[in-house]
Amino acid sequence: MTKENFQCVCHLPEHNFYAEYWDEEQFLYLAVNLNTYDRWYKRLWEAVKYVFKGANCGYAEIILEPENIVRLQNIINLYQPIQVHKIPITE
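Structure report, in brief. Bear in mind the structure is a predicted one, so any value in this text is a computation, not a measurement.

### A word on the pattern of salt bridges
Applying the stated criterion across every chain, the model contains two salt bridges. The partner of glutamate 20 in a salt bridge is lysine 3, and the shortest N-O contact between them spans 3.9 Å. Taken together, the positions of glutamate 20 in strand E2 (residues 16–22) and lysine 3 in strand E1 (residues 2–7) put the pair 17 residues apart, joining distant regions of the chain. Residue glutamate 20 is classed as buried on the basis of its relative accessible area, which comes to 6%. We classify lysine 3 as partly exposed; its relative accessible area is 44%. Arginine 71 is the salt-bridge partner of glutamate 4, the closest N and O atoms lying 2.7 Å from each other. Highlighted residues: glutamate 4 in strand E1 and arginine 71 in helix H2 (residues 66–79), separated in sequence by 67 residues.

### A word on the packing of aromatic side chains
For the coordinates displayed, the defined rule picks out five aromatic pairs. Summarising the aromatic geometry, the rings of phenylalanine 6 and phenylalanine 17 are spaced 4.9 Å apart at their centres and angled 15° between planes, so their arrangement reads as stacked. Of the two residues, phenylalanine 6 is situated in strand E1 and phenylalanine 17 in strand E2; the sequence distance between them amounts to 11 residues. Taken as a pair, phenylalanine 6 and phenylalanine 17 share a single burial class, namely buried. Ring centres 5.9 Å apart and planes at 85° place the aromatic pair tryptophan 40 and tyrosine 41 in the edge-to-face group. By the ring-pair criterion, three or more aromatic residues cluster together here, those being Tyr18, Trp22, Phe27 and Tyr29. Against the face of tyrosine 18 rests lysine 3, its NZ or CZ located 4.2 Å from the ring centre. A cation sits over an aromatic face here: arginine 71 above phenylalanine 6, 4.5 Å from the ring centre.

Each value, and the rule that gives it
- Once a new chain begins, its residue numbering starts again from 1 and follows that chain's sequence as written.
- Thresholds applied to this predicted model are a pLDDT of at least 70 for local features of residues and 80 or more for the giving and counting of side-chain atom pairs; totals over whole chains, interfaces and linings are not thresholded and use all residues.
- Hydrogens and water molecules were not included; the side-chain quantities draw on all heavy atoms of the structure.
- Just to be clear on terms, a salt bridge is a Lys or Arg side-chain nitrogen sitting within 4 Å of an Asp or Glu carboxyl oxygen.
- Only DSSP runs of H or I covering at least 4 residues are called helices, and only runs of E covering at least 2 are called strands; the numbering of each starts at the N terminus.
- Note on exposure labels: buried denotes an accessible area under 20% of the residue type's maximum, exposed denotes more than 50%, and partly exposed covers the range between, all computed with a 1.4 Å probe on protein chains only.
- Note on aromatic contacts: the rings of Phe and Tyr and the six-membered ring of Trp form a pair at centre separations within 6.5 Å, being stacked when their planes are under 30 degrees apart, edge-to-face when over 60 apart, and tilted otherwise.
- Two thresholds decide whether a charge sits over a ring: the Lys NZ or Arg CZ must be within 6 Å of the ring centre and within 35 degrees of the ring normal.

This is the structure:
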């Protein structure tokens, strides 16, 4: 298993993700940390809005530095030769 952690250039703990490639199962896994809210009632309110309004659930953005882009590409290159699917573009 290959695992790499990535952090945004702003270095906030909420703006990070990790990528894992499992050799034995040929599986690429990305775990993205979502925005967090200060208090439990704010998290509950966001959940209620999501259930009843279909609002987004607060995704965070992540800006990678060039050296982190290379690290992510290396993990993707482990996975890509195994699962290459081309989706036909129709107009």
